[in-house]
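The primary structure of each chain is shown beneath.
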Amino acid sequence: MAPDPEVRTGLAQRRQLLTEIPGPRSRALAERRARVVAAGVSSTFPVYVARASGAVLEDVDGNVLVDLGSGIAVTSVGASAPEVVAAVAAQAADFTHTCFMVSPYESYVAVCEALARLTPGDHEKRSVLVNSGAEAVENAVKIARRATGRDAVVVLDHAYHGRTNLTMAMTAKAMPYKIGFGPFAGEVYRVPASYPLRDPVGMTGEEAAQRAIDLAQRQVGADRIAAIVVEPIVGEGGFIVPARGFLPALAAWARAHGIVFVADEVQTGFARTGDMFACDDEGVVPDLVAVAKGIAGGMPLAGVTGRAELLDAVHSGGLGGTFGGNPVACAAALAAIDLYERDDLAGSARRIEARILPRLRELARRVGSIAEVRGRGAMLALEIVRPGTLEPDAAEATRVARACAAQGVLVLTCGTWGNVLRLLPPLVIGDDLLDDALGVLAGALAAGSEFAARP
Ligand code: PLZ
């Protein structure tokens with residue numbers, strides 16, 4: 001068990017509402033913001049944060065909110081984990097930047113050593129460090145193209161890979177990610193995912209994989225494909241857990257045709273799903289893994305790790321960037337990685353699943369708008385529909401998320417149709433706080449279900 005963040009930081013791990021949400025100070029900041037921050041940048045909850053610790057955020061009005069989003073799966077080790085904070089402070093005092101491409105430093109090497117050790121497979125590995133998940137995915141494609149000499153990239157329906165030009169092309173959902181931002185990068189081909197709730201009843205993972213493979217072979221041609229890029233559990237697209245057998249079948253097909261199998265573990269990685277990486281669940285060993293988010297306890301860091309012969313196929317100077325593997329971010333990553341291992345945070349993710357899932361399933365029996373409860377570890381979701389149908393109900397999901405926020409519990413939504421409520425608590429969240437937050441979520445869901453309750 002992780003040490004109690006309350007004991008470590010002094011910010012009580014308790015929900016506390018002093019004002020309405022958002023409070024007057026947050027509203028004043030929203031007014032300032034509107035005059036200077038681009039309208040294209042949105043915030044789900046207009047509550048301005050003053051401090052954070054463990055699984056709570058304190059806003060500028062003194063309200064303490066329970067964070068079931070972890071800044072979109074980033075602060076898995078807890079917000080401002082003291083070990084991360086200390087590592088950041090010490091490194092910042094030593095030096096903040098040199099540029100690894102100019103004058104290198106040890107922590108970059110140490111992060112690559114940790115990635116080689118922790119990512120699936122015990123083959124020889126190399127890594128490159130960058131700044132964001134999108135940049136990691138984009139570099140994985142660069143590496144795969146250079147190593148194979150092929151152009152085409154296959155991605156799945158419902159995929160989210162980022163907001164750069166190439167990763168926009170790889171992302172499925174047009175609104176808000178792509179509308180008006182084209183033309184997009186070419187040679188990106190989309191095939192169906194495995195989506196058990198919406199696939200034909202009884203479709204196996206192998207059958208879903210065959211459906212995707214057949215399309216890729218007919219419409220692209222296996223020998224033209226450099227890489228297939230897959231989120232092992234689809235994140236932004238709706239926390240869609242593929243049917244068992246789907247990922248191994250895709251990986252086997254890729255191997256048979258010299259296609260680089262890339263796991264985008266940006267959201268699923270670092271203990272989130274109850275394993276260090278989501279691919280571990282079915283023993284899938286990707287050729288390349290893209291990591292970001294949880295790697296550095298809240299500091300911006302990302303990377304690509306994979307087979308030495310693929311990474312080393314890129315000519316010297318072909319990979320890099322000014323800030324990639326920044327020393328402060330690397331110091332934070334080493335501290336965070338130590339916490340994942342020392343405190344068995346993958347075990348904590350499984351503890352969270354064991355505590356939440358039965359309650360969500362019980363809720364789903366009473367609330368007709370819940371079509372499915374799914375996920376793994378501390379990456380769990382409810383898909384919201386019009387009762388008795390599979391028609392997505394984004395308005396209801398949004399209503400529930402807002403009702404939770406009004407009571408001091410931050411719950412994010414996601415999904416191709418925006419109709420999925422997702423739970424991504426920090427892995428250090430205590431049982432009491434989790435129960436409290438779940439009670440709020442249950443109340444909010446039930447409040448909308450007067451006409452929806454099943455007998
Ligand atoms: N791959 C699987 O989940 C980021 C996006 C939030 P960056 N997901 C959160 C938003 O609306 O911008 C993500 C992901 C997967 C890649 C990315 C991209 O990671 O660090 O946001 O670039």
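## Quick notes on the overall build of the chain
Of regular secondary structure, the chain possesses 14 helices and 15 strands. In summary, the chain has a C-alpha radius of gyration of 22 Å against a globular reference of 23 Å for 455 residues, a match within 12%. A buried classification covers 55% of the 455 residues belonging to the chain. Nonlocal contacts in the chain, meaning residues at least 24 apart in sequence, comprise 74% of its contacts between residues at least 6 apart. Total accessible area on the chain stands at roughly 18,300 Å², and carbon and sulfur atoms take up 54% of it. Distance from the positive charge centre (44 side chains) to the negative charge centre (51 side chains) of the chain: 4 Å.

## Remarks on the domain arrangement of the chain
When cut into domains, the chain gives domain 1 (5-75 + 344-446) and domain 2 (84-342). Relative to domain 2, the C-alpha centre of domain 1 lies at a distance of 26 Å. The interface of domain 1 with domain 2 comprises 36 residues on the first partner and 32 residues on the second. Roughly 2,800 Å² of surface becomes buried between domain 1 and domain 2 when both sides are summed, with 55% attributable to carbon and sulfur atoms.

## As for the side chain of Asn-326
One can find Asn-326 in the loop between α10 (308-311) and α11 (327-342). Asn-326 sits in the buried class, given a relative accessible area of 16%. One polar contact links the side chain of Asn-326 to the main-chain carbonyl oxygen of Thr-96, over a distance of 3.0 Å. Filtering out sequence-adjacent residues up to four positions away, Asn-326 remains in contact with Thr-96, His-97, Tyr-105 and Leu-301.

## As for the site of the ligand
Taken together, 14 residues are adjacent to the ligand, and Gly-133, Ala-134, Arg-163, Asp-264 and Gln-267 come closest. The side chain of Asp-264 places a nitrogen or oxygen atom 2.7 Å from a nitrogen atom of the ligand. Gln-267 has a polar side-chain atom sitting 2.8 Å from an oxygen atom of the ligand. About the coverage of the ligand: the protein hides 82% of its 510 Å² of free accessible area. The residue makeup of the shell around the ligand, split by class, is five nonpolar, four polar and five charged.

## Some points on the side chain of Thr-167
Within the fold, Thr-167 resides in helix α7 (residues 165-170). Classification of Thr-167 as buried rests on a relative accessible area of 0%. A polar atom in the side chain of Thr-167 sits 2.6 Å from the side chain of Thr-164. Every residue in contact with Thr-167, bar those within four places of it in the chain, is listed here: Ala-134, Val-137, Glu-138, His-161 and Gly-162.

## Focus: the sheet that holds strand β13 (residues 409-410)
With respect to topology, four strands assemble into an open sheet ordered β1-β2-β3-β13, the strand pairing being mixed. On the outer flanks of this sheet lie β1 (49-53) and β13, each paired with one strand and no other. Here β1 runs beside strand β2 (residues 56-59); their pairing, made up of four bridges, is antiparallel. Paired with Ala-52 across the strands is Leu-57, a residue of β2. Lying over the sheet, helix α14 (residues 431-447) contacts β2, β3 (64-67) and β13, oriented at roughly 90° with respect to β3.

## Looking at the packing of helix α13 (residues 394-406) against α14
To describe two helices that pack against each other, one gives the angle between their axes and the distance between the axes. In the contact formed by α13 and α14, the axes pass within 9 Å of each other and the chain directions differ by 135°. On the basis of the axis angle, α13 is oblique to α14. In this structure, α13 meets α14 at a crossing whose hand is right-handed. Between α13 and α14, the contacting residues are Glu-396, Arg-399, Val-400, Ala-403 and Cys-404 on the first element and Val-440, Leu-441, Ala-444, Leu-445 and Ala-447 on the second.

## Here's the deal with the environment of Ala-346
Tracing the backbone shows Ala-346 in helix α12 (residues 345-366). As a C-alpha pair, Ala-346 and Phe-95 span 251 residues in sequence and 32 Å in three-dimensional space. Every residue in contact with Ala-346, bar those within four places of it in the chain, is listed here: Ala-271, Gly-274, Asp-275 and Met-276.

## Comments concerning the pattern of salt bridges
Under the defined criterion, the tally for this structure stands at 25 salt bridges. Across the pair Asp-312 and Arg-126 runs a salt bridge, and its minimum N-O distance is 2.8 Å. One end of the pair, Asp-312, is in the loop between α10 and α11; the other, Arg-126, is in strand β4 (residues 125-130), with 186 residues separating them in the sequence. On the basis of relative accessibility, which here comes to 47%, the residue Asp-312 falls in the partly exposed class. Exposure remark for Arg-126: the relative accessible area of 31% places this residue in the partly exposed category. We note a salt bridge from Arg-386 to Glu-391, for which the minimum N-O separation is 2.8 Å. Among the charged side chains, a salt-bridge network with shared partners connects Arg-198, Glu-372, Arg-374 and Glu-383.

Each value, and the rule that gives it
- Residues numbered from 1 in each chain as written.
- Predicted model: local features only at pLDDT ≥ 70, side-chain atom pairs only at ≥ 80, totals over all residues.
- Heavy atoms only, no water.
- Helix = DSSP H or I, 4+ residues; strand = E, 2+ residues; numbered from the N terminus.
- Rg over C-alpha atoms; globule rule 2.2 N^0.38 Å.
- Buried < 20%, exposed > 50% of the residue type's maximum accessible area, 1.4 Å probe, protein only.
- Contact = heavy atoms within 4.5 Å.
- Areas by Shrake-Rupley, 256 points an atom, 1.4 Å probe, with all protein chains shown as cover.
- Lys, Arg positive; Asp, Glu negative; His and termini not counted.
- Charge placed at Lys NZ, Arg CZ, Asp CG, Glu CD.
- Domains from an automatic or database assignment.
- Buried area = accessible area lost by both parts, 1.4 Å probe.
- Polar contact = N/O pair within 3.5 Å; in protein donor to acceptor, adjacent residues only side chain to side chain.
- Near = heavy atom within 4 Å.
- Nonpolar A, V, L, I, M, F, W, Y, C, P; charged D, E, K, R; others polar.
- Pairing = 2+ DSSP bridges.
- Axes fitted to C-alpha atoms, helices over the stretch in contact; angles between N-to-C directions.
- Parallel < 35°, antiparallel > 145°, perpendicular 65-115°, else oblique.
- Left-handed = near helix turned anticlockwise from the far one by under 90°.
- Salt bridge = Lys/Arg side-chain N within 4 Å of Asp/Glu carboxyl O.

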